[in-house]
Every structure is written in C-alpha cells, then in structure tokens.
Amino acid sequence: MALSAYKTDRRELRIHENADDLSCDLAEYIAELSEASIKDRGVFAIAMSGGSLITLMRKLCEAPYIKTVDFSKWYIFWADERVVAKSHSDSNYKLAKDSLFSKVPILHSHVHSINDTVTAEQAAEDYEFVIRQLVRTRVISVSEVNDCPKFDLVLLGMGPDGHVASLFPNHSVLNEKEQWVTFITDSPKPPPERITFTFPVINSASNVAVVVTGGSKAEAAHMAIDDIGPDSPELPARMVQPSEGKLVWFLDTAAASKLEGVKLSE
Ligand SMILES: O=C(O)[C@H](O)[C@@H](O)[C@H](O)[C@H](O)COP(=O)(O)O
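Each chain carries its own residue numbering, running from 1 in the written order of its sequence. Totals for whole chains, interfaces and linings use all residues, but because this is a predicted model, local features are given only for residues with pLDDT of at least 70 and pairs of side-chain atoms are given and counted only at 80 or more. Excluded from the side-chain calculations are hydrogens and water; all other atoms, namely the structure's heavy atoms, are used.

**Regarding the site of the ligand**
Note the threshold: Any residue with at least one heavy atom within 4 Å of a molecule or strand is counted as near it. Nitrogen and oxygen atoms within 3.5 Å of one another constitute a polar contact, given that in protein one can donate a hydrogen and the other can accept it, and given that sequence-neighbouring residues count only through two side-chain atoms. Residue burial considers only the protein chains on display, and all accessible areas are found by Shrake-Rupley using a 1.4 Å probe.
Around the ligand lies a shell of 14 residues, among which Ser52, Arg82, His163, Ala165 and Lys217 are the nearest. A distance of 2.6 Å separates an oxygen atom of the ligand from a polar atom in the side chain of His163. At a separation of 2.7 Å, an oxygen atom of the ligand approaches a polar side-chain atom of Lys189. Look at the ligand: alone it shows 420 Å² of surface, and the protein chains cover 89% of it.

Shown next as structure tokens:
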C-alpha cells in the first residue's frame, strides 16, 4: 500500500504519495494494533499528540473501521497537551474530540484529558497520578525494563524543528529520566504552557508512530531518520527509539524528499 516501505526488525518507514493514502494506511495500522491489543489484554491504551496527526487519523471514523474497531475498549491519553481550557481552540483534547471521538463509540470515562483548571506543573503531576492509577489496574501495562507505563501505541507528529510531543530541541526536559509526565512554560510553538510525556515513557511503548507530512519537515526527517554520524545534534525526533517496541514513520513524499537511499519515483 505504501509507495515505499523500508523495514528492519524494529523500525519501519512507510512513505505515501499523498495525505489521503497516508491516512488510509494509518487507519489500517491503528486498527490492526487495536485488534491485537484487545485480543491480548482486553483493552487498547493509546496516547496521541495534537496537530495534523489528528486530521490524518480521520479514516478511522469511516467504513470499515467504524464497524470493525472495538472503540469501547479504547483508553485515550495525550502524549502532550497545551495547558488551556478544554473548550479552547488550542486544546489537543478539543481537536481530537471534535474530529474523532465524537464520531466513534468511545466511552467518555475512557478519555483521559488533563486537568485544565490548574497550573502546568500541577496538571503534569495530576496526569502522572492518573497514569499511575491505570498502570496499577493494568489498563496500561508496565515495562519490565524500567517500570514505566507501556502504552500499546503512542502517536506523535513532528515539527519542522524536529520536536515531538512538547519535547523541543535544546530543552532541559529532553533529559528527564524520573518523571513520566513533565511540563514546560516556554514552548517555542504557541501556546507556551504544555505538559508532555518524557522520553522514558515514549520509548517504553509497545508501538510508536511518528506521522509527518510536508516539505517544511524534510530536513528534520532526514536528521531524525538517516545515519548522520556521531556529531548528530540532539534532535528530539531522533531520540524516539523504543527500547523494546516497534517504531513506524509515516511520511508523505514531500517530508521524505531528503531521506538518503529512498527512491520515490517508482
Ligand atoms: O500540540 C502540539 O503542538 C503537538 O503535539 C506537536 O508535537 C505536534 O504534533 C507537532 O508540532 C506537529 O504538528 P503539525 O503536524 O500540525 O505540524
């Protein structure tokens, strides 16, 4: 289905000619993981970012997925969220609710949005507390390597500067090892206050997908994916390296245009 697909044991690149093809493949990928996880654990714990990723997930609301996916077993989390009211147009929760959750039979009690009535610091603390409770009850499984939550799937977008979730280049939170969820108040991408999963949590997931479209992200995709040697900068997207799980990059041809060794003309 992908125009080009490159696969190693732990990492896969799926490159598509356009956003529509990418959307179809993304829906198929998520539906397959959902089925496998529900069969294995009875639930599907999925964490997502904001931005264009949410629009690219739109095919999940259509046939066949609207009928074949057991959305009642889904538990939804945010890999990062802007600290604004849930009704605000900047809210990742609002974006996902308006374009996805209001259209599929997800249970309201399974949707874990942040506390939007407190400071960013408190919201991060509260969110980590919620995740700890759900790890205890095994809604989210746990990594045997580091006791971190092991989400069935973490879905990320990437900015032109190579940020993922709300983990921006050169920020001290890139090296956070203890906390599962942290906060920033100086995001270079507005709005400034955000909470975000830390790398130990992202990299403990069973599956991580990074979904990237557009030529403005081609250079960052090259820096994140290609083997650029030991002097490579500490690019957040390059730090997405699941310790045991699988990583899939979904790219359109524009975003993949600077990747080495990728032939896009066939
Ligand atoms: O809330 C956010 O801003 C995000 O979660 C952020 O990490 C986003 O996913 C990327 O900036 C890509 O966004 P676009 O795909 O819209 O460019």
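Having seen the structure, we can now continue with the description.
**So, helix 7 (residues 218-225)**
Operational definition: Relative accessibility thresholds used throughout: buried, under 20% of the residue-type maximum; exposed, over 50%; partly exposed, between the two (1.4 Å probe, protein chains only). Secondary structure elements are taken from DSSP: a helix is a run of H or I of four residues or more, a strand is a run of E of two residues or more, and numbering for both begins at the N terminus. Any two residues whose heavy atoms approach within 4.5 Å at even a single point are treated as in contact.
Most of helix 7 sits inside the fold, with 6 of its 8 residues counted as buried. Every buried residue of helix 7 is listed here: Ala218, Ala220, Ala221, His222, Ala224 and Ile225. Turning to helix 7, the residues buried within the fold contact strand 2 (11-16) and strand 12 (246-252).

**Digging into the packing of aromatic side chains**
This is how it is decided: Between rings of Phe, Tyr and Trp, where Trp is taken as its six-membered ring, a pair exists when centres lie within 6.5 Å; planes separated by under 30 degrees are stacked, by over 60 edge-to-face, and by other angles tilted. We call a charge positioned over a ring when the NZ of a Lys or the CZ of an Arg lies within 6 Å of the ring centre and within 35 degrees of the ring normal.
Scanning the entire structure with this criterion turns up 7 aromatic pairs. Through a chain of ring-to-ring contacts, the aromatic side chains of Phe44, Phe71 and Trp74 assemble into a single cluster. Seen from the ring of Trp180, Arg132 lies directly overhead, with NZ or CZ sitting 3.8 Å from the centre.

**Describing the UniProt feature "domain: Glucosamine/galactosamine-6-phosphate isomerase" (unreviewed entry) in the chain**
The cut-off we apply is this: UniProt positions are given in the numbering used here, feature names are shortened, and annotations may be inferred rather than shown by experiment.
When the UniProt feature table is mapped to this numbering, "domain: Glucosamine/galactosamine-6-phosphate isomerase" (unreviewed entry) covers residues 18-249. The straight-line gap between the two end C-alpha atoms of residues 18-249 is 15 Å; of that span, 30% is helix and 17% is strand.

**Observations concerning the environment of Met57**
Structurally, Met57 can be placed in the loop between helix 2 (52-56) and helix 3 (65-68). Look at Met57 and you get buried, because its relative accessible area is 1%. Each C-alpha atom, one on Met57 and one on Glu17, is 17 Å from the other, the two residues being 40 residues apart in sequence.

**Points about the pattern of salt bridges**
Filter applied, for reference: By definition here, a salt bridge exists when the distance from a side-chain nitrogen of Lys or Arg to a carboxyl oxygen of Asp or Glu is within 4 Å.
Tallied over the entire structure, the rule returns 11 salt bridges. Among the ionic pairs, Asp70 bridges to Lys73, the shortest N-O distance being 3.0 Å. Lys73 sits in the partly exposed class, given a relative accessible area of 31%. For Arg132, the salt bridge identified is with Glu128, shortest N-O distance 2.8 Å. Pair noted here: Arg132 and Glu128 are both in helix 5 (residues 120-136), with a separation of 4 residues, about one helical turn.

**Remarks on the sheet that holds strand 9 (residues 181-184)**
In plain terms, the rule: Following DSSP output, two strands are said to pair if at least two bridges run between them. In this analysis an axis means a line fitted to C-alpha atoms, helices contributing only their contacting stretch, and an angle means the value between N-to-C directions, from 0 to 180 degrees.
A sheet is described by the order of its strands in space; here 3 strands give the open sequence 5-10-9, paired in antiparallel fashion. Of all strands in the sheet, those with a lone pairing partner are strand 5 (80-82) and strand 9, marking the two edges. Sheet twist, expressed as the average angle between the axes of neighbouring strands with direction ignored, equals 20°. Pairing between strand 5 and strand 10 (residues 194-197): 3 bridges, direction antiparallel. Along strand 10, the bridge assignment pairs Glu81 with Ile195. Packed on one face of the sheet, helix 5 meets strand 9 and strand 10 and runs near 165° to strand 9.

**Describing the state of the cysteines**
Note the threshold: Pairs of cysteine sulfur atoms within 2.5 Å are identified as disulfides in what follows.
Taken as a whole, this structure holds 0 disulfides when the rule is applied. Looking at Cys24, it has no disulfide partner, and the nearest cysteine sulfur is the one in Cys61, 13 Å off.

**Quick word on the side chain of Asn203**
Inspection of the secondary structure puts Asn203 in the loop between helix 6 (199-202) and strand 11 (207-212). On the basis of relative accessible area, Asn203 is assigned to the buried category, the value being 12%. There is a polar contact of 3.0 Å between the side chain of Asn203 and the backbone oxygen of Met239. Sequence-distant contacts of Asn203, defined by excluding residues within four places in its chain, comprise Met239, Val240, Gln241, Pro242, Ser243 and Glu244.

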